[in-house]
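# Chain and residue survey
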Amino acid sequence: MTSTPLTEIVYNHLTINVKRDDLFPIVGGGSKGRKLYYILNKAVKEGYNAVVTTGSNQSNHMRSTAIMAAQIGWKSIMIVHDKQPVLYTGNLKITSMTASELRFVNKEEVKDAMDKAMQDLTLQGYKPLYIWGGGHSVEGAYAYYKAVEELSGQLDKAPDYIVVASGTGTTQAGIEIGVKKFMPSCKVLGVSISREKERGLLAVYNSMVELNAYLNLDLPLDSNEVCFDDSFVGKGYEDVYPNLVYTISNAAKKHGLILDPTYTGKAFHAMLNYIDNGIIEHNAKVVFWHTGGLLNLTSSNNI
Ligand SMILES: *Cc1c(COP(=O)(O)O)cnc(C)c1O
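Residues numbered from 1 in each chain as written. Predicted model: local features only at pLDDT ≥ 70, side-chain atom pairs only at ≥ 80, totals over all residues. Heavy atoms only, no water.

Right, let's talk about the site of the ligand for a bit. Taken together, 14 residues surround the ligand, and among them K32, G167, T168, T171 and T291 come closest. Within the side chain of N60, an N or O atom sits 2.8 Å from an oxygen atom of the ligand. Contacts to the ligand include T171, whose side-chain N or O atom sits 2.6 Å from an oxygen atom. Here the ligand has 380 Å² of accessible area as a free molecule, and 98% of this is covered by the chains. Counting only elements with at least two residues in the shell around the ligand, the list comes to α1 (31–45) and α6 (170–182). (Near = heavy atom within 4 Å. Polar contact = N/O pair within 3.5 Å; in protein donor to acceptor, adjacent residues only side chain to side chain. Areas by Shrake-Rupley, 256 points an atom, 1.4 Å probe, with all protein chains shown as cover. Helix = DSSP H or I, 4+ residues; strand = E, 2+ residues; numbered from the N terminus.)

Here it is, written out as structure tokens:
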């Protein structure tokens, strides 16, 4: 497993270490590649040889699955819950370039379409793996547990805070358990990119419980200790608001840091607010976990 580098940036005299999972070695980079590395490696050992998963046109998870499936010679079917566009861009373009079979459906049809794709592959003699949208799974969370171990080996001293964009909660859950194990003085600040607090926090917590059991760690867990901030979502998933655009353009101009409006832009925007408001103290050691999303940026008309 190759590790991703750290880049330092300075904001208001505070040094922030950026963990560059946007450079994870898969085209387009990102956290979905890191999760899939574990999901698919385990499945290869278990004899699987095909995969069915789902996502919207600009799904990073779908693009990463399609690329990795092609790399290991697996057949793949993508259930795309979106309108089929005339012009393919970003993640959809790359997904369509692999041998992956795309089936466009309405949101309500996803489950049936995935079941049908599983059946089709089984009838063709394959052993297909079913992956939830976003790669939401205990192996996905494990990938980020291991990533914290990787990070701890790259730093002289544990950070006080890790800030990360949180969607399905798998990434944050892995980081939370990893932090408890490898850098217990650190606090994880999860920034919601779409879900409201109650639902999002519960998803993170459930994944933490699952990973804790999977690894036989027996760590004491308390959902009240989990931070899942939904105040930077805007109107919802993929909503782009003026202050967010300002933060993203400034990060590019002042730091050469490229963020996307769907995921990392919101998390970075939240982090700057925490620093400005003293929620993150001015002498704190901070890691911003860059989870990728480059293709969400380049397929967006808003920035
Ligand atoms: C999916 C994704 C996330 C969120 O990860 P979850 O594990 O679903 O919480 C964050 N950033 C990027 C770029 C993503 O693609």
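Following the criterion strictly, the structure yields eleven aromatic pairs and no others. Relative to Y38, the ring of Y37 lies with its centre 5.5 Å away and its plane at 75 degrees, an arrangement referred to as edge-to-face. You can call Y38 buried: its relative accessible area is 16%. For the ring pair Y142 and Y145, a centre distance of 6.0 Å and an interplane angle of 20 degrees mean the geometry is stacked. Of the two residues, Y142 and Y145 are both situated in helix α5 (residues 138–154); the distance of three residues between them amounts to about one turn of the helix. One aromatic cluster is present, built from ring pairs that chain together Y37, Y38, Y142, Y145, F182 and Y214. The ring of Y263 carries the charged tip of K32 above its face, separated from the ring centre by 5.3 Å. For K127, the ring lying beneath its charged end belongs to Y48, and the centroid distance is 4.5 Å. (Phe/Tyr/Trp six-rings, centres within 6.5 Å; stacked < 30°, edge-to-face > 60°. Buried < 20%, exposed > 50% of the residue type's maximum accessible area, 1.4 Å probe, protein only. Lys NZ or Arg CZ within 6 Å of the ring centre and 35° of its normal.)

The relative placement of two packed helices comes down to the angle between their axes together with the axis-to-axis distance. Relative orientation of the contacting elements α5 and helix α7 (residues 197–214) amounts to 80 degrees, with a least axis distance of 9 Å. As summarised for this structure, α5 and α7 are arranged roughly perpendicular, according to the angle between their axes. In this structure, α5 contributes V138, E139, A141, Y142 and Y145 to the contact, and α7 contributes E210, L211 and Y214. Here the contact of α5 with α7 is composed, by residue class, of six nonpolar, no polar and two charged. (Axes fitted to C-alpha atoms, helices over the stretch in contact; angles between N-to-C directions. Parallel < 35°, antiparallel > 145°, perpendicular 65-115°, else oblique. Contact = heavy atoms within 4.5 Å. Nonpolar A, V, L, I, M, F, W, Y, C, P; charged D, E, K, R; others polar.)

For the rest of this paragraph, the subject is α7. Here α7 contains 18 residues, and its C-alpha end-to-end distance of 25 Å stays within 8% of the 26 Å for a straight helix at 1.5 Å per residue. Listed as buried for α7 are G200, L201, A203, V204, S207, M208, L211 and N212. Buried residues along α7 sit in contact with α5, β7 (161–166), α6 and β9 (227–229). Of the residues flanking the start of α7, the one acting as N-cap is E196, its side-chain oxygen 3.2 Å from the backbone nitrogen of E198. At the exit of α7 stands N216, carrying a positive phi of roughly 50 degrees. (Expected span 1.5 Å × (residues − 1).)

Moving on, we come to the environment of P5. Position of P5 relative to the elements: it lies in the segment before β1 (6–11). Along the chain, P5 and F24 lie 19 residues apart, while their C-alpha atoms are 9.0 Å from each other.

This part covers the sheet that holds strand β4 (residues 75–81). Spatially, the four strands line up as an open sheet ordered β5-β4-β3-β6, and their pairing is parallel. Both outer strands of the open sheet, β5 (101–105) and β6 (128–130), are each paired with one neighbouring strand and no more. Strand-to-strand, the axes of this sheet are offset by a mean angle of 20 degrees, without reference to chain direction. Alignment of β4 against β5, held across five bridges, turns out to be parallel. (Pairing = 2+ DSSP bridges.)

Now for the nonpolar core. Core analysis: the biggest nonpolar cluster contains 30 residues, and I16, V163, F268, M271, I280, V286 and F288 have the highest contact counts within it. Breaking this core down by element, the ones donating at least two residues are β1, β2 (14–20), β7, β8 (187–192), α8 (242–255), α9 (264–276) and β10 (286–290). Looking at this core element by element, the count peaks at seven residues for α9. Dropping the residues within four chain positions of it, F268 is found in contact with I9, T247, A251, L257, L259 and F288. (Core = buried A, V, L, I, M, F, W, Y, C linked by side-chain atoms within 4.5 Å.)

For the rest of this paragraph, the subject is the pattern of salt bridges. A side chain of one charge can pair with a side chain of the opposite charge when the charged atoms of the two come close. A complete count under the given rule lists 13 salt bridges for this structure. A salt bridge links K42 to E46; its shortest N-O distance comes to 3.4 Å. Note on K42: relative accessible area 29%, which makes it partly exposed. The class for E46 is partly exposed, based on a relative accessible area of 40%. Linking D120 and K116 is a salt bridge whose minimum nitrogen-to-oxygen distance equals 3.1 Å. Placement of both D120 and K116 in helix α4 (residues 110–123) is noted, with a separation of four residues, approximately one turn of the helix. (Salt bridge = Lys/Arg side-chain N within 4 Å of Asp/Glu carboxyl O.)

Read across the sheet, six strands follow the order β1-β2-β10-β7-β8-β9 without closing on themselves; strand pairing throughout is mixed. Taken across any chain shown, the strands that pair with only one partner, and hence form the sheet edges, are β1 and β9. Along the sheet, successive strands turn relative to each other by an average axial angle of 25 degrees, direction set aside. As judged from the three bridges shared by β8 and β9, these two strands associate in the parallel manner. Counterpart to V191 in the pairing with β9 is D229.

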